[in-house]
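Chain and residue survey
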Number of protein chains: 2
Amino acid sequence: MDPRPTPARKGAERRRRDPAELLDAARAGDRVATGRLLSLVERGGPDAREVGRLTFPAGSSPGQVIGVTGAPGAGKSTLTDRIITLLRAEGGRVGVLAVDPSSPFSGGAILGDRIRMQGHALDDGVFIRSMASRGHQGGLALAAPAAVRVLAAIGMETVIIETVGVGQVEVEIAGEADTTIVVVNPGWGDTIQASKAGLLEVADVFVVNKADRPGAAETQRDLEGMLDMNTAMGEWRPPVVLTSAAGHPIGQSASQSASQSASQSDGAEELLAAVASHRGYLSASGELAKRRGRRLVAELERVIEASLHQRVAAVREGTGGTAIRESLLRGDVDIHDAAARMLELSGI
Amino acid sequence: MDPRPTPARKGAERRRRDPAELLDAARAGDRVATGRLLSLVERGGPDAREVGRLTFPAGSSPGQVIGVTGAPGAGKSTLTDRIITLLRAEGGRVGVLAVDPSSPFSGGAILGDRIRMQGHALDDGVFIRSMASRGHQGGLALAAPAAVRVLAAIGMETVIIETVGVGQVEVEIAGEADTTIVVVNPGWGDTIQASKAGLLEVADVFVVNKADRPGAAETQRDLEGMLDMNTAMGEWRPPVVLTSAAGHPIGQSASQSASQSASQSDGAEELLAAVASHRGYLSASGELAKRRGRRLVAELERVIEASLHQRVAAVREGTGGTAIRESLLRGDVDIHDAAARMLELSGI
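Please read these numbers as outputs of a predicted model, since none were measured by experiment.

1. Comments concerning the overall build of chain A
Of the regular secondary structure elements, chain A holds 15 helices and seven strands. In chain A, which comprises 348 residues, the proportion classed as buried is 43%. Taking the contacts inside chain A whose residues are at least 6 apart along the sequence as the reference set, 74% of them involve residues at least 24 apart.

This is how it looks when you write it as structure tokens:
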């Protein structure tokens, strides 16, 4: 009595399918295959290259890539959830890449957010994926654009990249979007200047979330003031939208003008309108093609750099590498000679 | 009547001296020559390699490299100034590398700090150099250890590296020291967790500076609490020293124990004692050699990577690189193929 294929065995069989088969299955709606493709991309190596080759052609860019970034607890996931719901109501298919911070401190909260978004778990038009910001330096920055292309290749018209806007890498990844939404909360004035400046640079749209709390109008004024002083700003001035992602209408606690424009709403539709308006600007100005071109060239450099890294690691781990390192430590060769010998040994 | 050499012309002649001549002059006390050597190191290229070769030999490591890092405004420069004064009183020669943040926000304050330290400008036993954190990525991380070796080669027994402990690069550079002092202020509890964790990792000695202000004892307790929870800590537990770098004695406003141990002092001598104690631990445990070895191997990898980087940059800027980039943008090649072609063209 041989056991028949159990679900676990069927999973194991799936895992053996090659990237091309996986992509066909994912396009036909097989969510496990989609997850598998994204895992290959995250892991790097020959399979990731193959997935990259299959999903690269120019036509497979998603219609729109939206970045959502901000401090932990700013309400990014709840806002993302609202955006998904609104886009789904218009029939758009949405992929989400949610970048977990490596910090163990916020692990719990993030998990909660992921679970909250599982309201879309049974919706075939939505695919949500958490990506860990672990692994070798730059790993996430390499994997994120490749993962966006996978989601585009399986028919997701909008891809949302959600990151914690604290570290440099996270802010960089937020910059992988056509339109980057920076989420802040009332009282943001207390945040340190450095991260403010970084976020100011990547923001296409500002959201003051939890705007039903006191201080929203002041935070909006602060942001507008910062924008007034930003001489490096191009033709697009980031609008500042007030939202209350928990679903409360934004009432009298916000500023007078905010309550006039959004008194019956939680602000999510206004946010989406601001994103659409930025998208219109990008297309009309030719900035969309330029931005995507810049991103591609930057990605090329990261891929090259990663490949150089690997070569160096291979050299270092080789037998010759050990001998050279030892003569360096003894002071027999200086650092540049040691480097030159190491490269020579590797045939570079 | 030909004009005789003016000071400006003499400077121009100096600039033509080769690295070996410059080093001889610097060792004889020529401060312009020292500055020139450090400029060569910062600029990179063949002259930097030559300086590296001349200053590398094992014997030229400085007796002690101290890192001083912390948030902008924490009082790092003032503390550094106090440390210099105390070391000079013992007859030690001191070099300082002060890494300017690239942020224009703090430019003014930093300039002020530099000027404040100019009290040592006429002291031949002190050499202070500002290094900009500009240039290509990793440039500073490459230049800093080479600059330390230059200062050691001209007879500086102690080298202090002062950095703003905000960015990753800055924290890395602080890690180039034998003993890293992390400077915080009362009320540090408000600092974001992420940078706390990074600073916690590099700290060998904590200083609560401006400890004459309220909240110093709480901050000290916070730090001790974090240290209690740090399971990754080795044999050395970073002491937490209270200082008041502005010269005020630490009085009743700090904790009871602090006022007992340091009531008549500004804490700078206690700080130096803590540094000496860490130095003792490093030597006795064999950790000093291990640390320096690790630093050297890490530096070797940076040098190798920078060299590969240069090769690729040369190709990228050439016609071959442009052609590859254009076919990538047209979607004719995928990103991995484009990277492979670029590396092939570079002979890597």
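2. Quick word on helix H14 (residues 319–330) of chain A
The end-to-end C-alpha distance of H14(A), which contains twelve residues, comes to 17 Å, matching closely the 16 Å that a straight helix rising 1.5 Å per residue would cover. Of all the positions in H14(A), only Gly321(A), Ile324(A) and Leu328(A) are classed as buried. With its buried residues spanning 70 degrees around the axis, H14(A) presents them on a single face. Away from the buried face of H14(A) by more than 90 degrees, exposed residues Thr319(A), Thr322(A), Ala323(A) and Arg330(A) are located. Check the buried side of H14(A) and you find it contacts helix H13 (287–317) and helix H15 (335–345) of chain A together with helix H13 (287–317) of chain B.

3. Focus on unusual backbone geometry
All names here are of chain A. In this structure, Lys210 is a non-glycine residue whose phi angle is positive, near 60 degrees. With respect to the secondary-structure elements, Lys210 resides in the loop between strand E6 (205–208) and helix H10 (216–229). Note on Lys210: 25 C-beta atoms within 10 Å, which makes it buried.

4. Here's the deal with the nonpolar core
Nonpolar side chains in soluble globular proteins tend to end up buried together. Among the nonpolar cores identified, the biggest contains 162 residues, and Ala147(A) and Ala147(B) are the most heavily contacted of them. Not counting the four nearest positions on each side in its chain, Ala147(B) is found in contact with Leu38(B), Val41(B), Leu97(B) and Met131(B).

5. As for helix H4 (residues 46–55) of chain A
For H4(A), the set of buried residues is Ala48(A), Arg49(A), Val51(A), Gly52(A) and Thr55(A). Down the axis of H4(A), the buried set is contained in an arc of 160 degrees. They therefore lie on one face. Residues of H4(A) that are buried sit in contact with helix H2 (19–27), helix H3 (31–43) and helix H7 (139–153) of chain A together with helix H15 (335–345) of chain B.

6. Observations regarding the environment of Ala20(B)
All names here are of chain B. Here Ala20 shows up in helix H2 (residues 19–27). Exposure remark for Ala20: the 12 C-beta atoms within 10 Å place this residue in the exposed category. As a C-alpha pair, Ala20 and Leu37 span 17 residues in sequence and 9.6 Å in three-dimensional space.

7. As for the environment of Asp18(B)
Mapped onto the elements, Asp18(B) comes out in the loop between helix H1 (7–15) and H2. Each C-alpha atom, one on Asp18(B) and one on Leu37(B), is 9.5 Å from the other, the two residues being 19 residues apart in sequence.

8. Looking at the pairing of strand E5 (residues 179–184) of chain A
Residues and elements named next belong to chain A. Across the six residues of E5, six count as buried, placing the element largely inside the fold. Along E5, one buried face is formed by Thr179, Ile181 and Val183 and the opposite face, lined by Thr180, Val182 and Val184, is buried too. Here five bridges tie strand E1 (residues 64–70) to E5, and the two strands are oriented parallel to one another. Bridging across to E5, Thr69 finds its partner in Val182.

9. Quick word on the packing of helix H12 (residues 268–285) of chain B against H13(B)
Residues and elements named next belong to chain B. Their axes nearest at 5 Å, the elements H12 and H13 cross at an angle of 90 degrees. By the angle between their axes, H12 is roughly perpendicular relative to H13. Residues Leu282, Ser283 and Ser285 of H12 touch H13, and the partners they reach there are Glu287, Leu288 and Arg291. Broken down by class, the residue content of the contact of H12 with H13 amounts to two nonpolar, two polar and two charged.

10. Observations regarding the pairing of strand E4 (residues 158–164) of chain A
Residues and elements named next belong to chain A. With respect to burial, E4 is a largely interior element, seven of its seven residues being buried. Burial along E4 is two-sided: the face carrying Thr158, Ile160, Glu162 and Val164 and the face carrying Val159, Ile161 and Thr163 are both buried. Bridge analysis of E1 against E4 gives seven bridges, and the strand direction is parallel. Following the sheet pairing, Thr69 is matched in E4 by Thr163.

11. Digging into the confidence of the model for chain A
Caution applies to low-pLDDT regions: their predicted coordinates should not be interpreted in detail. All names here are of chain A. Predicted confidence across chain A gives a mean pLDDT of 79, with 75% of residues reaching 70 or more. Every residue in residues 102–113 scores below 50 in pLDDT, and together they form eleven contacts with partners more than four places removed in sequence or on other chains. Residue range residues 252–263 is modelled with pLDDT below 50. Its contacts to residues more than four positions away, or to other chains, number 26 contacts. Reported confidence for the predicted complex is 0.78 by ipTM and 0.68 by pTM.

12. Quick word on the environment of Gly125(A)
Residue and element names in this part refer to chain A. Structurally, Gly125 is set in the loop between helix H6 (107–117) and strand E3 (126–132). With 16 C-beta atoms packed within 10 Å, Gly125 lands in the partly exposed category. In this structure the C-alpha to C-alpha distance between Gly125 and Arg88, which are 37 residues apart in sequence, comes to 7.4 Å. Setting aside residues no more than four positions away along its own chain, Gly125 makes contact with Arg88, Arg93 and Val94.

13. Regarding the packing of H2(A) against H3(A)
Residues and elements named next belong to chain A. H3 packs onto H2 with a crossing angle of 140 degrees between their chain directions and a minimal axis gap of 8 Å. Our classification of the angle between H2 and H3 gives oblique. Every pair of crossing elements has a handedness; the one defined by H2 and H3 is left-handed. Along the contact surface, H2 presents Pro19, Leu22, Leu23, Ala25 and Ala26, while H3 presents Ala33, Thr34, Arg36, Leu37 and Leu40. Among the residues making up the contact of H2 with H3, the classes are represented as eight nonpolar, one polar and one charged.

About the criteria used
- Residues numbered from 1 in each chain as written.
- Chains lettered and ligands numbered in written order.
- Predicted model: local features only at pLDDT ≥ 70, side-chain atom pairs only at ≥ 80, totals over all residues.
- Helix = DSSP H or I, 4+ residues; strand = E, 2+ residues; numbered from the N terminus.
- Buried ≥ 20, exposed ≤ 12 C-beta atoms within 10 Å, placed from the backbone.
- Contact = placed C-beta atoms within 7 Å.
- Expected span 1.5 Å × (residues − 1).
- Arc of directions from axis to C-beta.
- Core = buried A, V, L, I, M, F, W, Y, C linked by C-beta atoms within 7 Å.
- Pairing = 2+ DSSP bridges.
- Axes fitted to C-alpha atoms, helices over the stretch in contact; angles between N-to-C directions.
- Parallel < 35°, antiparallel > 145°, perpendicular 65-115°, else oblique.
- Nonpolar A, V, L, I, M, F, W, Y, C, P; charged D, E, K, R; others polar.
- pLDDT = per-residue confidence, 0-100.
- Left-handed = near helix turned anticlockwise from the far one by under 90°.

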